[in-house]
Amino acid sequence: MSPRKRILSGIQPSGTIHIGNYFGAVENWVRLMADYDCFFTIVDLHAITVTYDPKLLPQRVWDAALDNMAAGLDPARCTIFIQSHVPEHAELCWLLNCVTPLGELGRMTQFKEKSERERENVTAGLLNYPILQAADILIYKADAVPVGEDQAQHLEFTREVARRFNGRFGDYFPEPATLIGRGARVMGLDGDSKMSKSMDNFIGVTEEPDAIWEKLRPAKTDEARKRRTDPGSPDKCNIFGYHKLVTPEGELREIVAGCTGASIGCIDCKKILHRNLMKVLDPIRERRRDLALHPDRVREALDEGARKARAVARETLDGAKKLMGLL
Ligand code: TRP
Ligand code: SF4
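Residues numbered from 1 in each chain as written. Chains lettered and ligands numbered in written order. Predicted model: local features only at pLDDT ≥ 70, side-chain atom pairs only at ≥ 80, totals over all residues. Heavy atoms only, no water.

Our next topic: empty space enclosed by the protein. What the rule picks out here adds up to 2 cavities of 30 Å³ or more. Counted as a void, the largest cavity has a volume near 110 Å³. Taken together, 14 residues make up the lining of the largest cavity; nearest its centre are Arg225, Cys237, Cys259, Cys266 and Cys269. Put simply, the parts of the chain that give the lining of the largest cavity at least two residues each are α10 (238-246), α11 (249-260) and α12 (266-293). (1 Å grid on protein atoms, 1.4 Å probe; cavity = no way out; pocket = protein on both sides within 12 Å on 5 of 7 lines; lining within 4 Å. Points joined across faces, edges and corners; volume = space filled by probe spheres on them. Helix = DSSP H or I, 4+ residues; strand = E, 2+ residues; numbered from the N terminus.)

What follows covers the environment of isoleucine 264. Within the element layout of this structure, isoleucine 264 appears in the loop between α11 and α12. Residues isoleucine 264 and leucine 245, spaced 19 residues apart in sequence, show a C-alpha to C-alpha distance of 20 Å. In contact with isoleucine 264, not counting residues within four places along its chain, are Arg225, Arg228, Ile255, Gly258, Cys259 and Cys269. (Contact = heavy atoms within 4.5 Å.)

A few words on the site of ligand 2. Taken together, the residues surrounding ligand 2 are Thr221, Asp222, Arg225, Cys237, Ile239, Phe240, Cys259, Cys266 and Cys269. Structurally, ligand 2 is housed in the largest cavity. Broken down by secondary-structure element, the contributors of at least two residues to the shell around ligand 2 are α10 and α12. (Near = heavy atom within 4 Å. Sits in = over half its atoms within 2 Å of the grid points.)

Another aspect to go through is helix α3 (residues 57-70). The first and last C-alpha atoms of α3 sit 20 Å apart over 14 residues, in line with the 20 Å expected at 1.5 Å per residue. In terms of residue burial, α3 counts as a mostly covered element, since 10 of its 14 residues are buried. Of the residues making up α3, those classed as buried are Leu57, Val61, Asp63, Ala64, Ala65, Leu66, Asp67, Asn68, Met69 and Ala70. Positive phi shows up at glycine 72, right after α3, with a value of about 135°. (Expected span 1.5 Å × (residues − 1). Buried < 20%, exposed > 50% of the residue type's maximum accessible area, 1.4 Å probe, protein only.)

Moving on, we come to the domain arrangement of the protein. Along its sequence, the protein is carved into domain 1 (6-186 + 295-323) and domain 2 (209-288). Using only C-alpha atoms to locate each centre, domain 1 and domain 2 end up separated by 35 Å. If you look at the interface, domain 1 gives 13 residues, while domain 2 gives 9 residues. Of the roughly 860 Å² buried between domain 1 and domain 2 on both sides combined, carbon and sulfur atoms contribute 74%. On the domain 1 side of the contact with domain 2, Ile19, Phe23 and Ala70 bury the most area, a combined 54% of that side's loss. In this assembly, domain 1 and domain 2 are joined by 2 salt bridges. (Domains from an automatic or database assignment. Buried area = accessible area lost by both parts, 1.4 Å probe. Salt bridge = Lys/Arg side-chain N within 4 Å of Asp/Glu carboxyl O.)

Another point: helix α6 (residues 109-118). Within α6, burial applies to Gln110, Phe111, Lys114, Ser115 and Glu118. Buried residues of α6, viewed axially, fall in a sector of 120°; they line one side. Away from its buried face, by an angle of more than 90 degrees, α6 presents the exposed residues Glu116 and Arg117. Packing partners of the buried residues in α6 comprise α5 (102-106), α7 (124-138) and α8 (152-169). The positive-phi residue at the C-terminal boundary of α6 is arginine 119, with phi of around 55°. (Arc of directions from axis to C-beta.)

As structure tokens, then:
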């Protein structure tokens, strides 16, 4: 028996990942792998709760798997799997459906936002999304869930589901803690909104160095620096925000001095950023290339992940069914 505490997190299958995903979440998960028994699931069953193209979904799931593995979710050190490969999630979701009052679901922030966007296609699946998420977590009796601030409400909801089940059928599910990561909130290249694929303001983790430079070169900096001789304020510069993710302390101080004293230009500053960023991304891109060359290995790793996950999930599910009086 492993004495380590267990965590679980869900990964949206939105294809290749960007540095916002990496510095905001994945990097933190990799750190947690040292101390926790980690489960990561690519949530394809959640992805189908909104309008989507079934022809494109397999590639989205595959790219998410490869990018996350390349970025550090090493199957040798964690259990990584595709949600729909562990059908017990959907089965527990049904059981939890039957202990959840309808009213709360319609009040969830993410549901309200997504149903507004969907309009014509607000499904029962979208409404029940948080119950499936609760099932993802409770089926492993996870001690904690490392997520961003935006998932705090779903986690509170998960704890309520556990309390309600326990109150009715006996103490069974531990209430998982929310581990708000020390992940960064990474802004997009436009400097105005959070980095995201839909805003097309992102730097892909596995993009080629030249392509990344072509995105950095024209990117907005402190507007006060109209000419090379105008001093600037790093705190007003999006590029400096990226520096803080990858540039060592000493060099950061030099940049602050160089920017405020107008002794370095923005292009030089961006070159330093590019160099430091590629130190982090080069090995990821290489691992990604290697994984893509061996799809059979990736498939085996995902199968093995699902097999390990299923063993735990089956046991939890059987216990829950028994408590509920199912023969
Ligand atoms: N709802 C989460 C998101 O939008 C994804 C998710 C699904 C999840 N199941 C989960 C996160 C379980 C943590 C635990 O990002
Ligand atoms: Fe930003 Fe660097 Fe230019 Fe200063 S020198 S404005 S920190 S890019």
